[in-house]
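What the coordinates show
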Amino acid sequence: MQKIFYDFHLHSCLSPCGDNDMTPANIAGMAFINGLNAIALTDHNTVKNCTAVKNAAEQYAITVLYGMELTTDEEVHTVCLFADEKSANEWGEYVYSKLQKIKNNPTIFGNQYIMNETDKILGEEEFLLINAANISFEDVFTPVYELGGIAYPAHVDKNANSLISNLGFVPPDSTFKLAEVHDLSKLDTLTAAHPYFGGCKILSSSDAHYLPDINEAKNFLELEDATPKGIIKHLRGEL
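Some remarks on the packing of aromatic side chains
One pass over the structure, following the stated rule, counts ten aromatic pairs. Their ring planes at 85° and their centres at 6.4 Å tell us that tyrosine 196 and phenylalanine 197 sit as a pair that is edge-to-face. The class of tyrosine 196 is partly exposed, set by a relative accessible area of 24%. Judged by relative accessible area, which is 1%, phenylalanine 197 ranks as buried. Members of the aromatic cluster, connected to one another through ring pairs, are Phe137, Phe141, Phe176, Tyr196 and Phe197. Against the face of tyrosine 96 rests lysine 48, its NZ or CZ located 4.7 Å from the ring centre. Over the ring of tyrosine 96 we find lysine 101; its NZ or CZ atom is 4.8 Å from the centre of that ring.

And the structure:
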């Protein structure tokens, strides 16, 4: 078994609320400095900087999952993770087709830079990525699973854009078995109020929008297979 220190919720400069210093190379370098073994890039409603982060992290032998923080129709943030570029891009294209097409105003919301692994700007996303996609919370999990990925509600303990803050409850027909808690000290209180989470595997990631906020080596998984596929299988409960 290997102890894998992780942070599976990071935003790059492609997220309009992400700092411009959150470039692929900087993210990979900070993850290495902080002692992380595995990370996921989870920009809002897009996967377009994931390959750049993966390539930038290769020199540090850091495993990178392809990810996205989807904003559902109910404005519930939901993390979607994939082991490979093909599956992530397929999901990314689907989400983009459901995204409200409102042009970004960088002066108000921030830039949305698409970069390569050396931080060269390749382009800028035209439409605002923090808008909700026309996908309901309940309709996220099956298609992500069928693409070989895993989806789970993000920062369920936060007071904005979480499953609990926006809906007030866990839908009775929910099937997810994984959830993200930002502050683990709140887990007991959260589980007492919403017993559903007591049956879930719990992750805790940073939701970093700035380099100093990326987690240090504190949260970990114990894995036999620390490859991207192995991590996804573990999170899906298959290993």
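Quick word on the sheet that holds strand E4 (residues 77-82)
Read across the sheet, six strands follow the order E7-E4-E3-E2-E1-E10 without closing on themselves; strand pairing throughout is mixed. Lying at the two open borders of the sheet, with one neighbouring strand each, are strand E7 (150-153) and strand E10 (220-223). Across the sheet, the mean angle separating the axes of adjacent strands is 30° when strand polarity is ignored. The pairing of strand E2 (residues 38-41) with strand E3 (residues 63-71) spans four bridges and is classified as parallel. Looking at the pairing, alanine 38 lines up with threonine 63 of E3.

Quick notes on the rules
Residues numbered from 1 in each chain as written. Predicted model: local features only at pLDDT ≥ 70, side-chain atom pairs only at ≥ 80, totals over all residues. Heavy atoms only, no water. Phe/Tyr/Trp six-rings, centres within 6.5 Å; stacked < 30°, edge-to-face > 60°. Buried < 20%, exposed > 50% of the residue type's maximum accessible area, 1.4 Å probe, protein only. Lys NZ or Arg CZ within 6 Å of the ring centre and 35° of its normal. Pairing = 2+ DSSP bridges. Helix = DSSP H or I, 4+ residues; strand = E, 2+ residues; numbered from the N terminus. Axes fitted to C-alpha atoms, helices over the stretch in contact; angles between N-to-C directions.

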